[in-house]
Amino acid sequence: ARQVLFFSGGGGQVYLFKDSSILRQDKSFLQKNQFGAASFEFKDKIILYSGYGFYAYKPYMTEFSDKTNEWFLRPYASNQYLPKGRQAVVYQIDKKRGYFYMSSGYTLNKPYFEDVENLDLNDVWRFDLNTNKWKQLGYIKDDRRIRNLRFPFFAKGNFYAIEKGPNNAVVKIN
């Protein structure tokens, strides 16, 4: 029988849909800590990258453990520069190589209690899901496009997204 896992927005409770029943799988709580996170599956694990909660954008990944039925921080290799925590990223998973590619999104320009102004981000990153290492690949050159990028995809070894708008242009992310 086919099984489908789903989880609450912001992280936390995980449910399994199996044989016309919904069964709770986790021992966690409704975290409300990673709203707008990039969520994906890799090697049968649910992973959330970044997102917003408790007045900050998170610069980390969390992973659901099917052994303990709880969420844990995914470790990063030490001594590396990390991308800023963000929301609304454009991302794509290369499951064959074990890469998580992401770009754009936005973060807080100042601490939340000072101002609620968001800062658009134009950086492009790759995270190696096998070695837990980040690598910055570059920047999106045209800042006007950052908020309008959707539907990322790979073609001939390059990372692209479609620019939302009247032209729906394909944008190569260098």
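Higher on the page you've got the structure.
Residues numbered from 1 in each chain as written. Predicted model: local features only at pLDDT ≥ 70, side-chain atom pairs only at ≥ 80, totals over all residues. Heavy atoms only, no water.

Asker: Got a sec to walk through the side chain of Asp-123? Specific residues and values, please.
Answerer: Inspection of the secondary structure assignment puts Asp-123 in strand 14 (residues 123-128). Judged by its relative accessible area of 9%, Asp-123 falls in the buried class. Of the polar contacts made by the side chain of Asp-123, one reaches the side chain of Trp-125; its length is 2.8 Å. Not counting the four nearest positions on each side in its chain, Asp-123 is found in contact with Arg-86, Met-102, Ser-103, Ser-104, Gln-136, Gly-138 and Tyr-139. (Helix = DSSP H or I, 4+ residues; strand = E, 2+ residues; numbered from the N terminus. Buried < 20%, exposed > 50% of the residue type's maximum accessible area, 1.4 Å probe, protein only. Polar contact = N/O pair within 3.5 Å; in protein donor to acceptor, adjacent residues only side chain to side chain. Contact = heavy atoms within 4.5 Å.)

Asker: Can you lay out the sheet that holds strand 5 (residues 45-49) for me, pointing to particular residues and giving the numbers?
Answerer: Overall, antiparallel pairing links the four strands, which are arranged 4-5-8-9 in an open sheet. Looking along the sheet, the strands with just one partner apiece sit at the ends: strand 4 (38-42) and strand 9 (70-73). Direction aside, neighbouring strands of the sheet carry axes that sit 25° apart on average. Taken together, the three bridges between strand 5 and strand 8 (residues 61-65) define a ladder with antiparallel strand orientation. Across the sheet, the residue bridging to Tyr-49 is Met-61, located in strand 8. (Pairing = 2+ DSSP bridges. Axes fitted to C-alpha atoms, helices over the stretch in contact; angles between N-to-C directions.)

Asker: If you had to explain the pairing of strand 9 to someone new, which residues and values would you point to?
Answerer: Note that strand 8 and strand 9 share four bridges and pair antiparallel. By the bridge assignment for strand 9, Glu-63 is matched with Phe-72. The hairpin turn running from strand 8 into strand 9, its antiparallel successor, is four residues long, and Asn-69 in that turn takes a positive phi close to 60°.

Asker: A description of the packing of aromatic side chains should follow, citing residues and the corresponding values.
Answerer: Tallied over the full model, the rule gives 16 aromatic pairs. Geometrically, the ring pair formed by Tyr-76 and Phe-127 is edge-to-face, given 5.4 Å between the ring centres and 65° between the ring planes. Of this pair, Tyr-76 sits in the loop between strand 9 and strand 10 (90-94) while Phe-127 sits in strand 14; the two residues are 51 residues apart in sequence, bridging distant segments of the chain. Overall, the relative accessible area of 0% leaves Phe-127 in the buried class. Between Phe-127 and Trp-134 the ring centres are 4.8 Å apart and the planes differ by 50°, which places this aromatic pair in the tilted class. Here Arg-126 stacks its cationic end above the ring of Tyr-99, 4.3 Å away from the centre of that ring. (Phe/Tyr/Trp six-rings, centres within 6.5 Å; stacked < 30°, edge-to-face > 60°. Lys NZ or Arg CZ within 6 Å of the ring centre and 35° of its normal.)

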